[in-house]
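What the coordinates show
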Amino acid sequence: MSAPTTTTRPGPSAERATGAPGRRRYPLPRAMFVTVQSVFLAVIGLIVLVPLLVIFVGTFQDGGEIMRSGLRLDVDVSSFRLDNYVMLLTDSGLYFRWFANSVGLTLVQVAGTLLVSSFVAYGFAMYDFKGKTAAFVAVLLLMTVPFEIMMLPLYVMVNDLGLADSYAVIVLPFLAASVTIFFFRQYFTGIPKELLEAGRVDGVTEFGIFFKIVLPISRPALAAMAILNGMVTWNNFLWPLLVLRSAEKFTLPIGLNTLLTPYGNNYDLLIIGSFFSLLPVLVLFLCFQRFFVAGMTAGALKG
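Structure report, in brief. All of these numbers come straight from a predicted model, not from anything done at the bench. (Residues numbered from 1 in each chain as written. Predicted model: local features only at pLDDT ≥ 70, side-chain atom pairs only at ≥ 80, totals over all residues. Heavy atoms only, no water.)

To continue, consider empty space enclosed by the protein. Empty space among the atoms becomes apparent when a probe as large as a water molecule is rolled across them. Considering all chains together, one arrives at one cavity of 30 Å³ or more under this definition. Of the voids in this model, the largest cavity is the one considered here, and its volume is about 80 Å³. If you go around the largest cavity, the residues you meet are Ser102, Leu105, Thr106, Ile170, Thr233, Trp234, Asn236, Pro240 and Thr251. Listing elements by their share of the lining of the largest cavity, those giving two or more residues are α5 (95-126) and α12 (219-234). At three residues, α5 tops the list of elements feeding residues into the lining of the largest cavity. (1 Å grid on protein atoms, 1.4 Å probe; cavity = no way out; pocket = protein on both sides within 12 Å on 5 of 7 lines; lining within 4 Å. Points joined across faces, edges and corners; volume = space filled by probe spheres on them. Helix = DSSP H or I, 4+ residues; strand = E, 2+ residues; numbered from the N terminus.)

Take a look at the structure:
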């Protein structure tokens, strides 16, 4: 009986010596792969930018004509006019007041939400206490509850406390955001606890550890949540519409909505005002996009 024969796979050195192809990293040649990837991303980018370009073109057109024929790119450039921009700067009413209200509320809401939610998430991630699991499960369950279900009881509570028509009632109920708490908790669990112990050995207080050690490490997570919470707060419409009653206190989404009335519609200001309302969100994302990607990726991996 002959001995069984065994075959061995040539190693990398043997493959290089014999000229046998090794394992390829790309299904296509690298240059072609990069070209296809770049073209694909460029097409996706153009598709995303088309709505912004369309509304920008609409700022140079008559609002009533836009409502009759719709927003489109195939327009006569010679018909463009700057009347909408002149009206925005000279006769826009409370538009800039609404814009300032939205900017101020967004800054306060984002800063407060990041601070409070990171505090709560830090406790869930770094400390052991009685009822910790039940409390975190409650946070997860709160993520599944639509705001529309809680809106009516919260509105009744606001009226009973006499807080209606104030900015505080817009900010305070949402400082501890369940989604933000969950994200920060997942991120904080990836921070080595040895860093915290080293800080305690050096005599740093618990607040000092949080502000001097944990938060600097968590800058990508903070940037990611700042963008997400900023977009939600800037575009928030339903809750401010319920609790705000003075026109001077309206946020930008509510103010733009008041331009459409049964007695007349200011389409010109609505179009150009809507365009400029997009710019703060774009600037926010462009400033923090590098941290946004890093924070979302790190949060997914460390969780």
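So, next bit.
Further remarks concern the side chain of Ser102. In this structure, Ser102 sits in helix α5. Apart from the residues lying within four places of it in its own chain, the contact partners of Ser102 are Trp234, Thr251, Leu252 and Pro253. (Contact = heavy atoms within 4.5 Å.)

Under the defined criterion, the tally for this structure stands at 24 aromatic pairs. Aromatic pair Phe60 and Phe80: ring centres 5.6 Å apart, planes at 15°, arrangement stacked. You can see Phe60 sitting in the loop between α2 (30-58) and α3 (63-69) and its partner Phe80 sitting in the loop between α3 and α4 (83-90), a full 20 residues away along the chain. With 4.7 Å between their ring centres and 25° between their planes, Phe119 and Phe210 make a pair best called stacked. Taken as a pair, Phe119 in helix α5 and Phe210 in helix α11 (residues 206-217) lie far apart in primary sequence, 91 residues in all. Taking relative accessible area as the criterion, Phe119 reaches 31% and is therefore assigned partly exposed. What makes Phe210 buried here is its relative accessible area of 1%. Aromatic rings pair up to connect Phe119, Tyr122, Tyr127, Phe183, Phe184, Phe188, Phe207, Phe210 and Phe211 into one cluster. Here the basic side chain of Arg185 rests over the ring of Phe136, its NZ or CZ set 4.6 Å away from the ring centre. (Phe/Tyr/Trp six-rings, centres within 6.5 Å; stacked < 30°, edge-to-face > 60°. Buried < 20%, exposed > 50% of the residue type's maximum accessible area, 1.4 Å probe, protein only. Lys NZ or Arg CZ within 6 Å of the ring centre and 35° of its normal.)

At a closest axis distance of 8 Å, the pairing of helix α6 (residues 132-143) and helix α9 (residues 178-188) adopts a crossing angle of 130°. Taken together, the axes of α6 and α9 lie oblique to each other. Crossing angle aside, the handedness with which α6 passes α9 is left-handed. Together, Phe136, Val139, Leu140, Leu142 and Met143 of α6 and Ser178, Val179, Ile181, Phe182, Arg185 and Gln186 of α9 make up the contact between the two elements. Here the residues of the contact of α6 with α9 are counted per class, giving eight nonpolar, two polar and one charged. (Axes fitted to C-alpha atoms, helices over the stretch in contact; angles between N-to-C directions. Parallel < 35°, antiparallel > 145°, perpendicular 65-115°, else oblique. Left-handed = near helix turned anticlockwise from the far one by under 90°. Nonpolar A, V, L, I, M, F, W, Y, C, P; charged D, E, K, R; others polar.)

Turning next to the layout of surface pockets. A volume near 790 Å³ is recorded for the largest pocket. Contributions of two or more residues to the lining of the largest pocket are made by α5, α6, α7 (147-161), α9, α12 and α13 (238-243). At five residues, α12 tops the list of elements feeding residues into the lining of the largest pocket. Partitioned by chemical class, the residues of the lining of the largest pocket number 18 nonpolar, seven polar and one charged.

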